[in-house]
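What follows is the residue order along each chain.
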Amino acid sequence: VKWCPGCGDHAILASLLNTFPKTGHKKENILMVSGIGCSSRIPYYVDTYGFHSIHGRACALASGVKLANPEGFAEKDAFSLGSLSAEVEVTSLLSKTIHVREVTVDALFASWVFDAAGTNNFDRIIATVNEKLGPKKEKEEKEEKPGETKVVVDKVTVKNVRAAVGTGMFEL
């Protein structure tokens, strides 16, 4: 463990390592999400799944994981992704319009399954999102503000898509 002597991260890690076994959860059902900084090394020191996010986004990422993976369904994930890549015109990163030539989504998998009560995972995800965000508002026209950065995407490619419905599987 590489932290400075006297750092509080040692106590936090020790508490996590002591508490996880007492929760009764299997380690494969625990996800540690971290951001940037010394404390963000914690996922590397615990024997669970871990995700290292960008600065200030750990809570949003953890919320997204919880929303996209509701409990009570046989399939662990509603969505999974093999890879996501973007070809960006590097010089545009210094301008007010970022130019993305192509975004490629590869090996996308979606699983639509039902729990014992007959509710499907997508309805559960939507209900959870609505519960957390409140009722849907009518889309407002966004007014472009001077000096605001825009992103222009020329092409989006999605390939190797698979989907499961119930227990059946088909490929697109």
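Residues numbered from 1 in each chain as written. Predicted model: local features only at pLDDT ≥ 70, side-chain atom pairs only at ≥ 80, totals over all residues. Heavy atoms only, no water.

Structurally, Ser92 is set in the loop between β3 (79-88) and β4 (97-112). Residue Ser92 is classed as buried on the basis of its relative accessible area of 5%. Excluding anything up to four places from it in sequence, Ser92 contacts Thr97, Ile98 and His99. (Helix = DSSP H or I, 4+ residues; strand = E, 2+ residues; numbered from the N terminus. Buried < 20%, exposed > 50% of the residue type's maximum accessible area, 1.4 Å probe, protein only. Contact = heavy atoms within 4.5 Å.)

Here we come to the environment of Asp9. Take Asp9: it is sitting in helix α1 (residues 9-23). For Asp9, a relative accessible area of 11% corresponds to the buried category. As for Asp9 and Ser39, which are separated by 30 residues in sequence, their C-alpha atoms are 6.0 Å apart. Ignoring anything within four residues of it in the chain, the contact list for Asp9 reads Trp3, Cys38 and Ser39.

This part covers the pairing of strand β1 (residues 31-34). Only one face of β1 is covered, namely the face carrying Met32 and Ser34; the face carrying Leu31 and Val33 is uncovered. Of the strand pairs in this sheet, β1 and strand β2 (residues 49-52) are connected by four bridges, and their pairing is parallel. If you follow Ser34 over to β2, its bridge partner there is His52. (Pairing = 2+ DSSP bridges.)

Further remarks concern a nonpolar patch on the surface. Together, Leu31, Tyr49, Phe51 and Val65 line one region of the surface with nonpolar side chains, adding up to about 360 Å² of accessible area. With respect to the secondary-structure elements, Leu31 resides in strand β1. (Patch = residues over 30% accessible without salt bridge, like charges linked within 9 Å, V, L, I, M, F, W, Y side chains within 5 Å. Areas by Shrake-Rupley, 256 points an atom, 1.4 Å probe, with all protein chains shown as cover. Salt bridge = Lys/Arg side-chain N within 4 Å of Asp/Glu carboxyl O.)

This next bit is on helix α4 (residues 121-133). Residue pairs three or four apart in sequence face the same way in an α-helix, which turns once every 3.6 residues. In this model, α4 (13 residues) spans 18 Å end to end at C-alpha, consistent with the 18 Å of a helix rising 1.5 Å per residue. With a side-chain oxygen lying 3.0 Å from the backbone nitrogen of Phe122, the N-terminal cap of α4 falls on Asn120. The first or second residue beyond α4 is Gly134, which carries a positive phi of 90 degrees. (Expected span 1.5 Å × (residues − 1). Polar contact = N/O pair within 3.5 Å; in protein donor to acceptor, adjacent residues only side chain to side chain.)

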